[in-house]
Amino acid sequence: MDTYAKTNEEHLIYDLHVERDGNDKNIENVIDTSKKCFTCDICGQTFLQKQFLEDHCDSHTKDKPYSCDASGNGFFQQDRINPRHQTHTNEKLYSCDACGKIFSVKSNLNRHYQTHINEGPVSCEVCGKSYSRKDRLKVHYRTHANEKPFSCDVCGKKMYQKCDLNRHYRIHTNKKPFSCDVCGKKMYQKCDLNRHYRVHTNKKPHSCDICHKNFSEKSNLTSHVRTHTNEKPYSCNVCDKVFSNKSYLNTHYRMHTNEKPFSCDVCHKDFSRKSHLNVHLRTHTNEKRFSCDVCHKQFSQKSNLKIHFQTHSNEKPYFCDICNKHFARKSYLNEHYRIHSNRKQNSIEIEKDFL
């Protein structure tokens, strides 16, 4: 333990500058004034060695001259390629002296070691959620303050963490580094790939206690339970509309911002939802996945098949609350309402003529 602390101290001694965070009174601003300092002209951060300043300046220019042969990812410094390459080869060179857990990157070992030397878990004073590290608690506090310091320079979307921003960039670059070895489908994130595997295994470990419906993900079960409780904890701060699922709220926000992050590779038409893009792509491929059991007519969308089926069943679920006339489609009902509104308008004009 003493050896690790000494090594860690030597590793950090080159940079004695620590910025003060207004939300954390325990962090002090420390600068060794006896040594010459090199200051970044862009953000004002100070370094004791010129090389560290030069490496830091690369992060502002986004110039990444070094790349990994395995993944193609770019890096500001050449010495960061080797630790990254070990993630592809699954090579793990660094071992924890306390518990024996091994890591491929030394910085991950350093962070892990804090779980042993900390006095105990740290808790959020707002909601009581616990974390093993102070830096994770600091990031968590941003969710309460709605502080999103990392912004996408393509679409302007803001994030709580830099790692979230890095993953978000893949939407714009269409980079999908994680691939399913069963069907070949590619994913933006590794967690998406892990969830996708359950499609092949049909594993659904999470079950609803009310209706016993099974789900492959716990988050889907949590959202499903709200259909029974009618709980809608997510609210739009623009129009106050409430939602049972955060993803529904995120999709709804795009209606206000007019953000359309999903683009067709064929005609470059943009969409606010990925599902809308998937449906649109069928107009190019002429794919019609949904077939009528009665007449075998095919459709590209399930909703169109459902509407078509009403011609066989003569089902008319939509009715006018004025004259009680029934319709097979809601669009027909909306068009019918204009008849009543026109009659009302004509009646008002006739009354004005008699005045």
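The shown structure was predicted, so the numbers you read here are calculated from the model rather than taken from an experiment.

With respect to unusual backbone geometry
Across the chain, the bulk of peptide bonds are trans and the bulk of non-glycine residues have phi less than zero.
Here comes step 1: Positive phi values are uncommon outside glycine, yet H296 reaches one of about 65°.
Here comes step 2: Note that H296 resides in the loop between β19 (290-291) and β20 (298-299).
Here comes step 3: The backbone of N314 sits at a positive phi, close to 60°, despite the residue not being glycine.
Here comes step 4: By the secondary structure assignment, N314 is in the loop between α11 (302-313) and β21 (318-319).
Here comes step 5: A residue is classified by how much of its surface remains accessible, and N314, at 56% relative accessible area, is exposed.

Quick word on helix α7 (residues 190-201)
Here comes step 1: Taking 1.5 Å of rise per residue, 12 residues should cover 16 Å, and α7 covers 17 Å from first to last C-alpha, within 8% of that figure.
Here comes step 2: Positioned one or two residues after α7, N202 has a phi angle of 60°, which is positive.

Some thoughts on helix α10 (residues 274-285)
Here comes step 1: Taking 1.5 Å per residue as the helical rise, α10 with its 12 residues ought to reach 16 Å, and the 17 Å between its terminal C-alpha atoms agrees with that figure.
Here comes step 2: For α10, the set of buried residues is L277, H280 and R282.
Here comes step 3: Buried residues belonging to α10 abut β17 (262-263), β18 (270-271) and β19.

Concerning the state of the cysteines
Here comes step 1: Tallied over the full model, the rule gives 0 disulfides.
Here comes step 2: Free of any disulfide, C124 has its nearest neighbouring cysteine sulfur in C127, separated by 3.7 Å.
Here comes step 3: Of the residues examined, C124 reaches a relative accessible area of 4% and is grouped as buried.

Quick word on the pattern of salt bridges
Here comes step 1: One pass over the structure, following the stated rule, counts 4 salt bridges.
Here comes step 2: Notably, a salt bridge pairs E217 with R195, separated by 3.3 Å at the nearest N-O pair. Of this pair, E217 sits in the loop between β14 (214-215) and α8 (218-229) while R195 sits in helix α7, and the two are 22 residues apart along the sequence.
Here comes step 3: For the salt bridge of R289 with E287, the shortest nitrogen-to-oxygen distance reads 4.0 Å.

Re the side chain of H340
Here comes step 1: Relative to the elements of secondary structure, H340 occurs in helix α12 (residues 330-354).
Here comes step 2: Ignoring any residue separated from it by four or fewer positions in sequence, one finds H340 in contact with C320, I322 and C323.

Here we look at the side chain of H252
Here comes step 1: In this structure, H252 sits in helix α9 (residues 246-257).
Here comes step 2: A polar contact is formed between the side chain of H252 and the side chain of H256, at a distance of 3.1 Å.
Here comes step 3: If we skip the residues at most four places from it in the chain, H252 touches C236, C239, K241 and F243.

What to know about the confidence of the model for the chain
Here comes step 1: Across the chain, the average pLDDT comes to 76, with 73% of residues at 70 or higher.
Here comes step 2: Segment residues 1-35 is flagged for pLDDT under 50; beyond a separation of four residues in sequence, or across chains, it makes 37 contacts in the model.

Focus: the environment of S272
Here comes step 1: Mapped onto the fold, S272 is located in the loop between β18 and α10.
Here comes step 2: For S272, a relative accessible area of 21% puts it in the partly exposed group.
Here comes step 3: In sequence terms S272 and F262 are 10 residues apart; their C-alpha atoms lie 6.3 Å from each other.
Here comes step 4: Beyond its immediate chain neighbours, meaning those up to four positions away, S272 contacts R254, E259, K260, P261 and F262.

Each value, and the rule that gives it
- Residues numbered from 1 in each chain as written.
- Predicted model: local features only at pLDDT ≥ 70, side-chain atom pairs only at ≥ 80, totals over all residues.
- Heavy atoms only, no water.
- Helix = DSSP H or I, 4+ residues; strand = E, 2+ residues; numbered from the N terminus.
- Buried < 20%, exposed > 50% of the residue type's maximum accessible area, 1.4 Å probe, protein only.
- Expected span 1.5 Å × (residues − 1).
- Contact = heavy atoms within 4.5 Å.
- Disulfide = S-S within 2.5 Å.
- Salt bridge = Lys/Arg side-chain N within 4 Å of Asp/Glu carboxyl O.
- Polar contact = N/O pair within 3.5 Å; in protein donor to acceptor, adjacent residues only side chain to side chain.
- pLDDT = per-residue confidence, 0-100.

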